[in-house]
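Chains, contacts and geometry: an overview
Here is how the chains run, residue by residue.
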Amino acid sequence: MKLRLQHTLGVAGIAAGLLAAVGTAQAAEQIRIVGSSTVYPFSSYVAEELGATTDIRTPVVESTGSGGGMKLFCAGVGDDTPDITNASRRMKPSELEMCQKNGVKDITENVVGFDGIVFAQSKSDDAIDLTREQITLAVAAKVPKDGKLVDNPYNKWSDIDSSLPDREILIYGPPTSSGTRDAFEELVMEHGSENIDGYDEAYTTIRQDGKYVPSGENDNLIVQKLAQNKDAFGIFGFSYLEENRDKIQGAKIDGVEPERDLISSGEYPVSRSLFFYTKNAHLDKVKGMEDYVDLFLSDQMVSDRGYLKNLGLIPLPEDRLKKERSEWESRAKLKASDLKG
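Read on for a plain summary of the structure. (Residues numbered from 1 in each chain as written. Predicted model: local features only at pLDDT ≥ 70, side-chain atom pairs only at ≥ 80, totals over all residues. Heavy atoms only, no water.)

Examining the overall build of the protein
When helices and strands are tallied, the protein shows 13 helices and 13 strands. Taken along its principal axes, the extent of the C-alpha atoms in the protein is 65 × 50 × 40 Å. Here the protein holds 341 residues, and the buried ones make up 52% of them. Pairs at least 24 residues apart make up 73% of the contacts formed inside the protein by residues separated by at least 6 positions. Each charge class in the protein was averaged separately, 40 positive and 55 negative side chains, and the resulting centres sit 3 Å apart. (Helix = DSSP H or I, 4+ residues; strand = E, 2+ residues; numbered from the N terminus. Buried < 20%, exposed > 50% of the residue type's maximum accessible area, 1.4 Å probe, protein only. Contact = heavy atoms within 4.5 Å. Lys, Arg positive; Asp, Glu negative; His and termini not counted. Charge placed at Lys NZ, Arg CZ, Asp CG, Glu CD.)

Following this line, the structure appears as C-alpha cells:
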C-alpha cells in the first residue's frame, strides 16, 4: 500500500503569486489528515479507496504522532489547518481547551477500533514472557534501591531478574509526541510502578541514557531495526506486528500473547481504543470530508468483514460501531465533560 501524495507545482517569476492563490483554493478541495502513526495505515487505506472510487481528490495523510496532530488540528479553522486528526489515545482536556481557544469549537469524536501495544523482537529470538513490572524497571529513568529512587543501573535484562536473558537492554520506542508513548506510560509504567515496592506513586519518566531510543513516527523503521538486531525490542501498534510476522514476534505481556481476540476482549493487558476527530467547521468548505468519514465508519472498512481488519485493526463490536455511526450522523459535539474519567 502506497499513499498517493499530491504535489503542488510552482513556477518562478510573475506567475508565482497567481499559482500560490490557485494552490490555496485547491487546498480547500483536498482533505488533510494528520496524527497517529498507529492509525496512519488505516486512515491512508481509506484515503486511497476514496480517491480511487470517487471523483474526490485522494486525501493527504501525514504521520505526525497523536500529540503533534492535536497541535496542528487545534491551531485554528481555515485552509492552512488540518480537517481531521487521528489519535491512538483520547484527546486530553487541555487539548480540547487549546482547540476552543483557537476557534475550533465543533469537533466530533469517533472510535474506529481497538489496538494492542506490542513489545516486539526479532523472530529469530527465543520467545519471551515479560511482566509490566519488568518492562517498567527496564525503561524507567529511576528505580527503587535501598529505600530511595536512583538513576536506573540496569544494563541487561538479567540485571532486573536472573530468569531473564543475559541480553543488553535496547528498546526502540515512540517519541513524546506519540499517542503510543502516552498509552505505554499509562498501561505499562503506571501499572508496573504501582506494583513495585519503592515507588510512592505512579512513575512514568523514561530513561534517557541510550537504553530507550525514541524512534520517530515511522514504526516501519523500528521493524527494520528489530530484524537487524537480536538484542533490541520495539514498541508499536499491533498492526505492524500483523504485517511483519515473517520478521518479528511479540512478547507475551503478563502471560498473554498479543493476539487479535485477546486484544478485543481486553485480556491482553496493553489494549487501547483508536480515535479520529473531525473539524465540523470544515465540512462545508472541503470537498469529500463527509464521504471520507462515512467510508471510514462503513462495514466495508471497519466491520468484522472489513478491509482494515486485514491490516491489523481490531474491529468494534457491532453495537458499538452502530453507536459511533450515530455519533457521526448527528455530528455529536465533543464536550469537556466527555473527556473526564
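Here the narrative resumes.
Examining the state of the cysteines
Within the structure shown, the criterion is met by one disulfide. Each sulfur in the disulfide pair Cys 74 and Cys 99 lies 1.9 Å from the other. Between Cys 74 and Cys 99, the S-S dihedral sits near -70 degrees, and the bridge is therefore left-handed. Note that Cys 74 is positioned in the loop between α3 (66–73) and β3 (84–87) and Cys 99 in helix α4 (residues 93–101), a separation of 25 residues in sequence. A single burial state applies to Cys 74 and to Cys 99, both of which are buried. (Disulfide = S-S within 2.5 Å.)

Looking at the pairing of strand β7 (residues 148–151)
Examined bridge by bridge, strand β6 (residues 142–145) and β7 share four bridges and lie antiparallel to one another. Bridging from a neighbouring strand, Lys 142 pairs with Asp 151 of β7. Counting the residues in the hairpin turn of β6 and β7 gives two residues, including Asp 146, whose phi is positive at 50 degrees. (Pairing = 2+ DSSP bridges.)

Observations regarding the nonpolar core
Side chains of nonpolar character tend, in soluble globular proteins, to be buried together. In this structure, Met 91, Phe 119, Trp 157, Ile 171, Tyr 292 and Phe 296 are the most contacted members of the largest nonpolar core, which totals 93 residues. A per-element tally of this core places strand β4 (residues 107–122) first, with eight residues. Setting aside its immediate chain neighbours within four residues, Phe 296 contacts Val 39, Phe 42, Ser 43, Val 46, Val 112, Phe 276, Met 301, Val 302 and Leu 308. (Core = buried A, V, L, I, M, F, W, Y, C linked by side-chain atoms within 4.5 Å.)

Re empty space enclosed by the protein
Inspection of every chain in the model, using the stated rule, returns one cavity of 30 Å³ or more. Approximately 50 Å³ is the volume attributed to the largest cavity. Taken together, Ile 117, Val 118, Phe 119, Ile 135, Phe 184, Val 188, Ile 235, Ile 253, Tyr 268 and Val 270 form the lining of the largest cavity. Listing elements by their share of the lining of the largest cavity, those giving two or more residues are β4 and α7 (179–194). Considering each element in turn, the lining of the largest cavity owes the most residues, three residues, to β4. For the lining of the largest cavity, the class distribution of residues is 10 nonpolar, no polar and no charged. (1 Å grid on protein atoms, 1.4 Å probe; cavity = no way out; pocket = protein on both sides within 12 Å on 5 of 7 lines; lining within 4 Å. Points joined across faces, edges and corners; volume = space filled by probe spheres on them. Nonpolar A, V, L, I, M, F, W, Y, C, P; charged D, E, K, R; others polar.)

Quick word on the layout of surface pockets
Of the voids in this model, the largest pocket is the one considered here, and its volume is about 460 Å³. Lining the largest pocket are 19 residues; nearest its centre among them are Arg 89, Arg 90, Asp 182, Ala 183 and Glu 186. Among the elements of the structure, α7 and β13 (271–279) are those that each provide at least two residues to the lining of the largest pocket. Examining the composition of the lining of the largest pocket, we find that six residues originate from one element, α7, more than from any other. Of the residues assigned to the lining of the largest pocket, the class counts are six nonpolar, five polar and eight charged.

Some points on unusual backbone geometry
Backbone phi values are negative for most residues with the exception of glycine, while trans is the configuration of most peptide bonds. For Asp 146, which is not glycine, the phi dihedral falls at a positive 50 degrees. Within the secondary structure, Asp 146 is located in the loop between β6 and β7. Exposure remark for Asp 146: the relative accessible area of 80% places this residue in the exposed category. In the Ramachandran plot, Arg 331 falls in the positive-phi region, its phi being about 55 degrees despite a non-glycine side chain. Mapped onto the elements of the fold, Arg 331 is located in the segment after α13 (318–329). In this structure Arg 331 comes out as partly exposed when scored by relative accessible area, which is 26%.

A few points about the packing of helix α5 (residues 132–139) against α7
In the contact formed by α5 and α7, the axes pass within 8 Å of each other and the chain directions differ by 100 degrees. The angle between the axes of α5 and α7 places the two elements in the roughly perpendicular class. Between α5 and α7, the residues in contact are Arg 132, Glu 133, Ile 135, Thr 136 and Val 139 and Phe 184, Leu 187, Val 188, Met 189, His 191, Gly 192 and Ser 193, respectively. Of the residues belonging to the contact of α5 with α7, the class tally is six nonpolar, four polar and two charged. (Axes fitted to C-alpha atoms, helices over the stretch in contact; angles between N-to-C directions. Parallel < 35°, antiparallel > 145°, perpendicular 65-115°, else oblique.)

Some thoughts on the packing of aromatic side chains
Applying the stated criterion across every chain, the model contains nine aromatic pairs. Taking 6.1 Å as the distance between ring centres and 15 degrees as the angle between the ring planes, the aromatic pair formed by Phe 275 and Tyr 277 counts as stacked. The exposure class of Phe 275 is buried, given its relative accessible area of 8%. Look at Phe 276 and Phe 296: their rings are 5.0 Å apart centre to centre, the planes differ by 10 degrees, and that puts the pair in the stacked class. Within this pair, whereas Phe 276 is found in strand β13, its partner Phe 296 is found in helix α11 (residues 289–296), the two being separated by 20 residues in sequence. Classification of Phe 276 as buried rests on a relative accessible area of 0%. By relative accessible area, Phe 296 is classed as buried at 0%. Ring-pair connections join several aromatic residues into one group, and the members of that group are Phe 119, Trp 157 and Phe 233. Cation over ring: Lys 279 sits above Phe 73, and NZ or CZ is 4.8 Å from the ring centre. (Phe/Tyr/Trp six-rings, centres within 6.5 Å; stacked < 30°, edge-to-face > 60°. Lys NZ or Arg CZ within 6 Å of the ring centre and 35° of its normal.)

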